[in-house]
Amino acid sequence: MSAPDEEAQMARTTTTAPDVTVAEVRIELAALVDPRMREVNLRHGDDHGVNLTALRGLAKRLRTQHELARELWATGDSDPRLLALLVCRPKAFSLEELDTMLREARRPKVHGWLVDYVVKKTAHVEELRVRWLADPDPVVASAGWALTTDRVAKAPDGLDLSGLLDVVEAEMATAPERLQWAMNHCLAQVGIEHPALRARAIAIGERLQVLADYPTPPNCTSPFAPVWIAEMVRRQEAAR
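All values reported here derive from a predicted model rather than from experimental measurement.

## Points about the pattern of salt bridges
Alright, step 1. For the coordinates displayed, the defined rule picks out 24 salt bridges.
Alright, step 2. The closest approach of N and O atoms between Arg107 and Asp47, which form a salt bridge, is 3.5 Å. Of this pair, Arg107 sits in the loop between α7 (95-104) and α8 (108-118) while Asp47 sits in the loop between α3 (35-42) and α4 (52-62), and the two are 60 residues apart along the sequence.
Alright, step 3. Classification of Asp47 as partly exposed rests on a relative accessible area of 22%.
Alright, step 4. One salt bridge in this structure joins Asp150 and Lys154, with 3.2 Å as the shortest N-O distance. With Asp150 and Lys154 both in helix α10 (residues 138-154) and four residues apart, the pair spans about one turn of that helix.
Alright, step 5. Overall, the relative accessible area of 65% leaves Lys154 in the exposed class.

## Considering the packing of aromatic side chains
Alright, step 1. Taken as a whole and assessed by the stated rule, the structure comprises two aromatic pairs.
Alright, step 2. Where Trp181 meets Tyr214, the ring centres are 5.1 Å apart and the plane angle is 85°; that geometry is what we call edge-to-face. Of this pair, Trp181 sits in helix α12 (residues 177-193) while Tyr214 sits in the loop between α13 (195-208) and α14 (225-239), and the two are 33 residues apart along the sequence.
Alright, step 3. Its relative accessible area of 30% is what places Trp181 among the partly exposed residues.
Alright, step 4. Given a relative accessible area of 40%, Tyr214 falls into the partly exposed group.
Alright, step 5. One Lys or Arg, Arg81, reaches over the ring of Trp73 and ends 4.2 Å from the middle of that ring.

Cut-offs applied
Residues numbered from 1 in each chain as written. Predicted model: local features only at pLDDT ≥ 70, side-chain atom pairs only at ≥ 80, totals over all residues. Heavy atoms only, no water. Salt bridge = Lys/Arg side-chain N within 4 Å of Asp/Glu carboxyl O. Helix = DSSP H or I, 4+ residues; strand = E, 2+ residues; numbered from the N terminus. Buried < 20%, exposed > 50% of the residue type's maximum accessible area, 1.4 Å probe, protein only. Phe/Tyr/Trp six-rings, centres within 6.5 Å; stacked < 30°, edge-to-face > 60°. Lys NZ or Arg CZ within 6 Å of the ring centre and 35° of its normal.

The following block contains the structure:
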């Protein structure tokens with residue numbers, strides 16, 4: 001495809017829908033709320049009530065509208081914030097904006113979508129990873145661990161993987177829940193992706209027993225790191 005053709009394609013895919021107001025979007029979101037779903041989500045620390053498939057459908061219709069996304073985020077409510085993360089332009093946020101948004105995003109779903117759908121798509125990801133990993137707030141630190149886990153899997157060069165295991169071994173057992181989950185994911189990812197450290201990662205998991213008794217539905221993989229590592233390695237070997 002020639003450069004002019006690429007530019008035309010980009011213009012077609014980023015064209016926005018007709019402007020709508022935050023008030024209009026909130027009315028539409030309110031109509032999509034399922035009180036029973038919100039009740040279930042509240043038991044897991046979330047408070048959004050809109051079915052996420054319906055939310056994605058609304059975002060697809062609205063397309064990219066970055067200023068609308070900023071206004072939706074400013075409402076402070078989870079449903080508008082989740083929609084904002086789907087219609088924003090990630091690269092338009094500054095590093096400091098993303099840092100502020102992360103510290104405001106206390107609900108797990110909003111927090112996770114911000115990291116996965118926005119932060120990872122920006123040029124600020126590595127600086128924020130380092131900043132958040134060292135943050136004393138465990139919820140903020142969990143975002144740093146999530147970004148570190150992504151690097152363990154995709155771009156481990158330059159990471160001190162043994163040092164990460166040292167921190168996990170010393171701190172994971174007593175870490176607050178969300179930070180513990182993020183550290184456990186990193187532990188498992190090291191064991192899955194790096195054979196030279198696999199035995200140590202499994203040994204740490206076995207000694208700490210974090211999430212060993214976590215209830216796991218049939219046909220799902222346990223989050224207990226030794227089981228998780230073994231299953232993912234088995235799948236990798238079966239796929240070869």
